[in-house]
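In case you want the letters, here they are:
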Amino acid sequence: MEQQVIPRAEHNISRQDISENALKVLYRLHKSGYNAYLVGGGVRDLLLGKQPKDFDIATNATPEQIKALFRNCRLVGRRFRLAHILFGREIIEVATFRGHHDSANANTESKRSEEGMLLRDNVYGSIDEDAERRDFTVNALYYNIADFSVVDFAGGINDIAERRLQLIGDPETRYREDPVRMLRAVRFAVKLDFSIAPESCDPIAQYGPLLKDIPAARLFEECLKLFLGGDGKSTFKMLADTQLLYPLFPLLKPLLQQWDEDAPELRFMLMALASTDKRVRGDQKVTPAFVFAALLWPLLEIKKDELLIELSLGEHDASAMAMNWLLDQQCKSVAIPKRFTTGIREIWQLQARLDRRFGKRAFQTFGHPRFRAAFDFLELRAKATQDKHLSELAQWWQQWQRSNEQGRNTMVRELNKNSGRSKSRRRPRKPKKTDS
Ligand code: ATP
Ligand code: MG
């Protein structure tokens, strides 16, 4: 690959914008006689005048050599062996330059599946080989700590100027090697407001289904980046557009194939994503449980109704069975960790409990650790469906949260007096089966 060097005077990357810890690592590697570069999203985002999410470093030091230099270093990863240098909550990722897997020593250190997917990729190489192994041209820019220049091997500087994502190498081969690159293309296109070059975009329609072969745990990690990165709503839409959404959420396909943003189900999902985006941008806490609970909610309702009819189960049993079934199915493609499926269930279960407010129940529900998430969820449901009962319910809980103990007691008493208990149920109880 031909390399172009942009000297310090001709680019806008200043050390003031680079994390102190990343600089420490770069300097220590450099002073120990290794080559050390900031690379990837850190360089790309700084060139775009954006604040990078994290700083990745590439070097010619091997993981063992890196470990010898830093006390606070852990070696991680199997598919890619990496060094993590820990500074409290900040982790600086240091990777050794990767080489071609078809070179002489490749037999044991790199491995491909029958579809051409890379299973192991631990062959070390030179910086230009490393650049060739990266996904997009704009992700293959290296900031050299030795002279503060930026080294461009793949035309990334030009693509930054043109705001264009372009895969390095032959797009079909690169998507086959690692289908997750398709998800990354969509994520970066949205986040950076870039276009995807046609040669990189067109094959997605054909190769998208290869995502089904990616381990479900890795797809969960990708989902976090896709939906909790601050651009979840736009990313979701583009994933649907490119059909990449359906290897992640196969069960959503029948529901969303006819894309209709006025349909209450889709409106609800998009509103939940937008509300999450707002929280992420405002540095408020977000949980994957809320997002997954929202994306799967319409499916839960459908499945529950099916079970109510098919198995003539009661509301509560049908609901519990639908939750189990849905989460089992979903975890086959995206492995949502147990701590989050627990949260999802709680948010769902609280939806019914928010409706039952008599006696001590409202107080108990309010004391639940997930109350706030469940209430936010209810409010979004009310807004998305414009359902009168849901809106009143959301308002009632809004008032509850603003009231003191005495006010809350009054609210429950009023409820008893005014509504007559049966009216507050959304569905009438099923008639008891009679023996015939
Ligand atoms: P951000 O951190 O903002 O999401 P990033 O570009 O830094 O974006 P990372 O996942 O942190 O993305 O990866 C760091 C770099 O590693 C990328 O810029 C890219 O050069 C390379 N890389 C990551 N994943 C892949 C992949 N699947 N295929 C090829 N190269 C990759
Ligand atoms: Mg990064």
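Residues numbered from 1 in each chain as written. Chains lettered and ligands numbered in written order. Predicted model: local features only at pLDDT ≥ 70, side-chain atom pairs only at ≥ 80, totals over all residues. Heavy atoms only, no water.

What to know about the coordination of the magnesium ion (ligand 2)
Every protein donor of the magnesium ion (ligand 2) is listed here as Asp54 (OD) and Asp56 (OD), and their distances to the metal cover 2.2 to 2.8 Å. Overall, the relative accessible area of 23% leaves Asp56 in the partly exposed class. (Donors = N, O, S within 2.8 Å, 3.2 Å for Na, K, Ca; no water. Buried < 20%, exposed > 50% of the residue type's maximum accessible area, 1.4 Å probe, protein only.)

A word on the packing of helix 16 (residues 288-310) against helix 17 (residues 315-333)
At their nearest, the axes of helix 16 and helix 17 sit 8 Å apart, and the two run at 130° to each other. With respect to helix 17, the element helix 16 is oriented oblique. Crossing angle aside, the handedness with which helix 16 passes helix 17 is right-handed. Of helix 17, the residues touching helix 16 (which contributes Leu296, Leu299, Leu300, Lys303, Lys304, Leu307 and Leu308) are Glu315, Ala318, Ser319, Met321, Ala322, Met323, Trp325, Leu326, Leu327 and Gln330. (Axes fitted to C-alpha atoms, helices over the stretch in contact; angles between N-to-C directions. Helix = DSSP H or I, 4+ residues; strand = E, 2+ residues; numbered from the N terminus. Parallel < 35°, antiparallel > 145°, perpendicular 65-115°, else oblique. Left-handed = near helix turned anticlockwise from the far one by under 90°. Contact = heavy atoms within 4.5 Å.)

A word on the UniProt feature "active site" (unreviewed entry) in the chain
When the UniProt feature table is mapped onto this chain numbering, "active site" (unreviewed entry) sits at Asp54, Asp56 and Asp135. With respect to the secondary-structure elements, Asp56 resides in strand 3 (residues 56-59). Sequence-distant contacts of Asp56, that is, excluding residues within four places in its chain, are made with Tyr37, Leu38, Val39 and Glu93. A residue is classified by how much of its surface remains accessible, and Asp135, at 8% relative accessible area, is buried. Look past the residues within four positions of Asp135 in its chain and what remains in contact with it is Gln166, Leu167, Ile168, Arg174, Arg181, Arg184 and Phe188. A distance of 3.0 Å separates polar atoms of two side chains, one belonging to Asp135 and the other to Asn139. (UniProt positions renumbered as here; feature names shortened; annotations may be inferred. Polar contact = N/O pair within 3.5 Å; in protein donor to acceptor, adjacent residues only side chain to side chain.)

With respect to the site of ligand 1
Looking at ligand 1, there are 18 residues lining it, with Arg44, Asp178, Arg181, Arg187 and Lys191 nearest. Side-chain polar atom of Asp54 to an oxygen atom of ligand 1: 3.2 Å apart, as the coordinates give it. For ligand 1, an oxygen atom lies 2.8 Å from a polar atom in the side chain of Lys191. For ligand 1, whose free accessible area comes to 590 Å², the fraction covered by protein is 87%. Breaking the shell around ligand 1 down by element, the ones donating at least two residues are helix 2 (41-47), helix 8 (180-192) and helix 11 (216-227). Of the residues forming the shell around ligand 1, the biggest block, five residues, is contributed by helix 8. Residues belonging to the shell around ligand 1 are distributed by class as follows: one nonpolar, three polar and 14 charged. (Near = heavy atom within 4 Å. Areas by Shrake-Rupley, 256 points an atom, 1.4 Å probe, with all protein chains shown as cover. Nonpolar A, V, L, I, M, F, W, Y, C, P; charged D, E, K, R; others polar.)

Comments concerning the domain arrangement of the chain
Per the domain assignment, the segments of the chain are domain 1 (1-169) and domain 2 (354-417). On a C-alpha basis, the centres of domain 1 and domain 2 stand 51 Å from each other. (Domains from an automatic or database assignment.)

Quick look at the packing of aromatic side chains
Think of a pair of aromatic rings as described by two things: how far the centres are apart, and how the planes are tilted against each other in angle. Scanning the model with the defined rule gives 22 aromatic pairs in all. Ring geometry for Trp297 versus Phe377: centroids 5.4 Å apart, planes at 85°, classification edge-to-face. Here Trp297, found in helix 16, pairs with Phe377, found in helix 20 (residues 371-385); they are 80 residues apart in sequence, far enough to count as distant. Judged by its relative accessible area of 9%, Trp297 falls in the buried class. (Phe/Tyr/Trp six-rings, centres within 6.5 Å; stacked < 30°, edge-to-face > 60°.)

Quick word on unusual backbone geometry
Here the phi dihedral of Asp193 falls at roughly 60°; this positive angle occurs in a residue that is not glycine. Looking at the element boundaries, Asp193 is found in the loop between helix 8 and strand 12 (195-196). For Asp283, which is not glycine, the phi dihedral falls at a positive 60°. Here Asp283 lies in the loop between helix 15 (264-281) and helix 16.

Let's talk about the sheet that holds strand 4 (residues 73-76)
As summarised here, the arrangement of the eight strands in space is 1-10-9-2-3-6-5-4, forming an open sheet in which the pairing is mixed. Two strands in the sheet have a free side with no partner beyond their single neighbour: strand 1 (4-6) and strand 4. Each neighbouring strand pair of the sheet contributes to a mean axis angle of 30°, computed without reference to strand direction. Pairing of strand 2 (residues 36-39) with strand 9 (residues 141-144) involves three bridges; the strand directions are antiparallel. By the bridge assignment for strand 9, Leu38 is matched with Tyr143. Here helix 1 (residues 20-31) sits on the sheet and contacts strand 2, strand 3, strand 5 (82-87) and strand 6 (90-96); the angle it forms with strand 6, its principal contact strand, is near 35°. (Pairing = 2+ DSSP bridges.)

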